[in-house]
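Remarks on the overall topology
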Amino acid sequence: MRDAPGRALLRPRFRPLAALLALLVLAAVGVLAAWSIRPPAARGTSAPASEFSAGRAFQHVQAMSTTAHPAGSAANDKVRDYLVRTLRGDGLEPEIQDTVTEQGGQLSGSAGGIGMARVRNVIATIPGSESSGRVFLVAHYDSAQAGPGASDDLAGVSAILETVRALTSSGRTLRNDVVVVLTDAEEACLCGAEAFVKQHPLARDGGVALNLEARGTGGPAITFETSADDEKLIGVFAKAPHPVGTSFAVEVYRLLPNDTDFTPFRESGFRGLNTAYIDGAANYHAPTDTASRMDRDSLEHHGENALALVRAFGDEDLTDLEARSDATYFPVPGGLARYPGWLVWPIAVLALLAVLRLGASARKRGLTTRGKLWGGFLLGLLPLLVTPVLAQSLWQVVTIIRPAYTDLPIDPYRPLWFRAGVVAVVALVVFAWYALLRRRMTPAALTVGGLGWLAVLGVVLAYFAPGGSYLFALPALAGALMSLLAIAFRGGWGALLPVLIGAAVAVIVLAPAVILFFPALGLVLTAAAALLGAALALALLPLADLLHPASDGRARRLALLPSSLALLAIVGCGAAGLHTDKFDTGHPEPTHLMYALDTDTGSALWLSDESKPRPWTAQFVAGSKHAVTDTLPLFGAEKLLTGPAEAAELPAPQLTVVSDTREGSSRVLRLRLRSQRQVRLTALHVAASTDVTAASVNGRGIPTDGKAGGAWGFGFVFNAPPPEGLDVVLRLATPGQVRLRAVDGSDGLSGLPGFRPRPADVGVVGSHSSELLAVAKTFTY
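Residues numbered from 1 in each chain as written. Predicted model: local features only at pLDDT ≥ 70, side-chain atom pairs only at ≥ 80, totals over all residues. Heavy atoms only, no water.

Below, the discussion takes up the pattern of salt bridges. Any two side chains of opposite charge can pair, given that their charged atoms come close. With the rule as written, the count across this model stands at 36 salt bridges. The salt bridge involving Glu51 is made with Arg43; its shortest N-O contact spans 2.2 Å. For Arg43, a relative accessible area of 32% translates into the label partly exposed. A salt bridge links Lys625 to Asp609; the nearest nitrogen and oxygen atoms lie 3.4 Å apart. Taken together, the positions of Lys625 in strand β13 (residues 622-627) and Asp609 in the loop between β12 (603-608) and β13 put the pair 16 residues apart, joining distant regions of the chain. Three or more residues joined by partner-sharing salt bridges are found here, namely Arg43, Glu51, Glu300 and Glu304. (Salt bridge = Lys/Arg side-chain N within 4 Å of Asp/Glu carboxyl O. Buried < 20%, exposed > 50% of the residue type's maximum accessible area, 1.4 Å probe, protein only. Helix = DSSP H or I, 4+ residues; strand = E, 2+ residues; numbered from the N terminus.)

Judged by nonpolar contacts, the single largest core of 84 residues is most densely connected at Phe330, Tyr470, Leu471, Leu532, Leu543 and Leu546. For Leu543, the contacting residues outside a window of four places in its chain are Leu10, Ala22, Leu26, Leu496, Val499, Leu500 and Ala503. Core analysis: the next-biggest nonpolar cluster, separate from the first, contains 60 residues, Leu83, Leu161, Ile234 and Leu309 among them. (Core = buried A, V, L, I, M, F, W, Y, C linked by side-chain atoms within 4.5 Å. Contact = heavy atoms within 4.5 Å.)

Together, Trp345, Val349, Leu352, Leu353, Leu356, Val460, Tyr463 and Phe464 make up an exposed nonpolar region whose accessible area comes to about 820 Å². Listing elements by their share of the nonpolar patch, those giving two or more residues are α11 (344-364) and α15 (443-464). Here the nonpolar patch takes five residues from α11, the largest share from any one element. As for its placement among the helices and strands, Val349 is situated in helix α11. The exposure class assigned to Val349 is partly exposed, which follows from its relative accessible area of 38%. (Patch = residues over 30% accessible without salt bridge, like charges linked within 9 Å, V, L, I, M, F, W, Y side chains within 5 Å. Areas by Shrake-Rupley, 256 points an atom, 1.4 Å probe, with all protein chains shown as cover.)

This is a description of form; function is not addressed.
As structure tokens, then:
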């Protein structure tokens, strides 16, 4: 029997030189792979008129993001007026769609009923020369109530304004109509998009919707969601100057409980693409989502792709976009790799067969044995299991040291060092696993085992999530085929080139996915990025033995040096992350606080959604979380921290009976619900003991099957209520008295008795309920 190094796939003379060459090549490929998903450099205001300029678009961002502008606010009226003026200046004739609509099940900061809103969408059309359909450019112009929404979503709005300017100044008319849809009340309930697709005549025939979003302040603009059977859509998307997106991201997003304005379009039969930049999520919905924080390169990426796609779809035959399957696609240096969905299974099966052939060939050449191949395969699962667990544990340790991280959306302000620590966890696990097992199992068996698990995962995902199969099947296929060539070259220098090619394929396929998954799911779910990192490490196993000494004795003990260095890197990265990401005035500690006044009893509460009270919040709330449904039914069963508060002198919402009649066996109550102060939302809930069979608000019928929980049943939350109030009609099947709970909510706590201002390094968390001031009253008729 030859010793363990003799059983490696690569056995060149001058191993250190081969190892150095391999590291340099893979580093270069890694840089190219990472570069392929970087946003382009922002262009200044002097860019040609027919091209997109982030400099020009950024001027719109600055003009509109001076303050928070939630739906229904005076600030939002100013933003809408700005949009109308700008579109008119480009020669368009914008209209305002002023209507009421509902979006069941999607409430901002509320789970207790039907979400509704008065919306005022801004809509304009650029007519085509011979239209085969319509291309819709979509973004929402309202912001969350806590922040100015520079990125979410004035970046998308401004990119559309600059796109419209470029289109109208080019002197060329596209074939198809282009419809600009700048929606209202997205943050509240997706109600602007819902109103457009359900009520506007331009939406009746469907079309292609391009939605622009942001969930952070930087990073590449990623196409993360598509309509079903997207093969032809992706063919057009590939023509964009900087296409960044993966079919695996689409598969993952379909599993998440997230929605954007694209959701109503997709559910109404529109085809299309949903794009957002998502890094810097600590600023999401927060006061720190300002123009100064926006990465203008990200704005450029948004806009360049949007303009190119509008022009591409604008000249396409939109009646010929139907396809039978989703495409598989992912970024590569120079563009977007893609292939049709019917190839997913053949590639996955071929990868599995190639790995089986590799195992047989390695055994035939005496590189390993059948028993060791089985052992290598079974043990090859360990890195895929242990790495995500350790990575997630690392983040748990960090949050124990700095508990405020648990109240940030998914990432700290400066996550780079922590992400590097996760990469070091991958290196630690794989290096230690390989060093401890290489002599017992043989390098060849470990290589086959690692590639075998990638092939198995490729087959599993081909069934459950076809768009993600490529992440494992392609590296397994390339690694197995190239390793077979290495065996044919008997492991010498001639074997290095094919193994490097196989490793380069793995880096090109998996490295961008790892990079994109960090901001996509955040350190809160860092196990996902760690799993992909472990898969990449297993795909590089054919090269792994070059990093281990070939001789016995002292040199062999150096095999644990890489894992020792990785362990030091984990500690160092964690310490560096905690040191560089301290809370300060520019990166404040997130805190959440609300106030609720119950005018029935004259009592008030402070409330917070923090996991544990932060030092500033602890002066208002304490104890453990519990439901507040009976007091605030608009929150449903959500559990909150509470604390006693001094009752402020605030007027309760008014609920008056317009008429109380009988229609057959039903009682029909016609009510007027009106706030006596300026509010962002109004809610009305009926006692759970009363059966509501039909309901309408301002003439619009709404479902009655939603229940708030506790003492309250049917209810609705109306965002941006008109100052004159709401006309509510309830049809009741239950005789006797009916109890109703009216709640209205405004924003801002600074004038309340007992409120203490935040220090400069303490901020407001990005939440739809942050700083909510609610007043409630019960009525009995």
